[in-house]
Amino acid sequence: MKLQRKNRLRVLSLGAVAVTGALTLTACGSDDTGSSSGSSASASTGSSSSIKCDNAKGQLLADGSSAQKNAIDAWVKNFSQACGVQINYKGSGSGAGVTAFTQGQVAFAGSDSALKPEEVTASKTVCTGGGQGIDLPMVGGAIAIGYNVPGVDNLVLDAPTLAKIFDSKITNWNDAAIKKLNPSAKLPNLKIQAFHRSDESGTTDNLTKYLIATTPSNWKYSGGKAWQAKGGQSAPQSAGVAQQVKQTSGAIGYFELSYVSDGIKAASIDTGASKPVAPSTESATADIAAAKVVGTGSDLSLQLDYKTKAEGAYPISLVTYEIVCDKGNKAATLPATKAFLNYIASEDGQKLLSTIDYAPVPDEIIAKVRTTISGLS
């Protein structure tokens, strides 16, 4: 199934789910845009609702997931214009973001994987007064399997074949396993150039969770944020992998859907449903809508169904969390942190996602996120 780029322009309902870019330094708006208590300004998207600045001021430093980069870029532009707050989100990857958070270097972090127990323990040294780091789901999305194979516009792969490609067991595009899944395609006699993340990444974690869940006999690695399979080539962050796929004939890689662009096509996945499923806002929504909250207390980490065979549900999905202290946040950055998180969890903030290949978090879950943000201290 050919990826339909027009999905980028569809606006999903609030009950849909958001798919999975990191922030870059965005110039702040001038002080006269309104940063006093209770002030607000309309978002640059033209939304009728307003951003509440609530004493937000100064600068915020953040780091983490590069999968959510394009979403955060759009949010920061609107928030900075409205509130005059400068936000510098490095987007160095989930691993780097969590490390920066547990070392007290950032106000919040982004990660495509929930905090591990040892990371929660480490966070208690920077979240004062008995606080700890918690996971707030904000962005959901499809992990696209991007490829660059001349003459092949509609590639279908399944979990076993994908595992063998990334584990260097299938090395040529005209391999019999790929031919079986694509009987009408003109597959070239071309070496496969498989690219993976060089940095610790929640995107890697989610892709390998999918392979472990669906084809354990072909993916015998333990998984995690660090790439473990042998062979292949590496590049940093989602943008780096996407760039390598775009410029390399025969390449294949994985990255959040919004990185699929001219020169890169996205494979559909044979899940066992009646027809293969292409990555899109809608198909990721269909998968993530079934996610369950498994976190305790204020933590809202989710469990995804990587083995789904539901019609139209894309199985290689992710949810990106913003990680923040439940209490014990630094007083100097707490107002701006809460105001920004309130905006991105708002109806306007979530609706913006579907215009850039992401989708909003389900209504029931985002309502809990909003309640949790209001209690941050």
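Treat the numbers as computed from the prediction; the structure is a model and nothing was measured.

Caption draft 1: Looking closely at the pattern of salt bridges. Under the definition given, this model contains seven salt bridges. Lys225 serves as the salt-bridge partner of Glu119, at 3.9 Å between the closest nitrogen and oxygen. Of this pair, Glu119 sits in helix H3 (residues 117-123) while Lys225 sits in the loop between helix H6 (202-214) and strand E9 (233-235); the two residues are 106 residues apart in sequence, bridging distant segments of the chain. Per residue, the accessibility class of Glu119 equals that of Lys225, and both read buried. Note that Asp199 is salt-bridged to Arg197, the shortest N-O span being 2.8 Å.

Caption draft 2: Broad picture of the nonpolar core. Membership of the largest hydrophobic core comes to 97 residues, with the highest contact counts inside it found for Trp75, Phe79, Ile145, Leu162 and Ile252. Residue contributions to this core peak at nine residues, all from strand E6 (residues 133-148). Residues Ala100, Phe101, Ala109 and Leu115 belong to the second largest nonpolar core, which totals ten residues.

Caption draft 3: A look at helix H11 (residues 363-374). Between its first and last C-alpha, H11 extends 17 Å over twelve residues, near the 16 Å set by a 1.5 Å rise per residue. Every buried residue of H11 is listed here: Ile365, Ile366, Val369, Thr372 and Ile373. Buried residues of H11, viewed axially, fall in a sector of 115°; they line one side. Exposed residues pointing more than 90 degrees away from the buried face of H11 are listed as Glu364, Thr371 and Ser374.

Caption draft 4: Examining the pairing of strand E15 (residues 317-325) more closely. Summarising burial for E15: nine of the nine residues are buried, a large majority. Taking every second residue as pointing to the same face, both faces of E15 are buried, with Ser317, Val319, Tyr321, Ile323 and Cys325 on one and Leu318, Thr320, Glu322 and Val324 on the other. Across three bridges, strand E5 (residues 108-111) lies against E15 in antiparallel orientation. In the sheet register, Ala109 faces E15, and the bridge partner there is Ile323.

Rules and cut-offs
Residues numbered from 1 in each chain as written. Predicted model: local features only at pLDDT ≥ 70, side-chain atom pairs only at ≥ 80, totals over all residues. Heavy atoms only, no water. Salt bridge = Lys/Arg side-chain N within 4 Å of Asp/Glu carboxyl O. Helix = DSSP H or I, 4+ residues; strand = E, 2+ residues; numbered from the N terminus. Buried < 20%, exposed > 50% of the residue type's maximum accessible area, 1.4 Å probe, protein only. Core = buried A, V, L, I, M, F, W, Y, C linked by side-chain atoms within 4.5 Å. Expected span 1.5 Å × (residues − 1). Arc of directions from axis to C-beta. Pairing = 2+ DSSP bridges.

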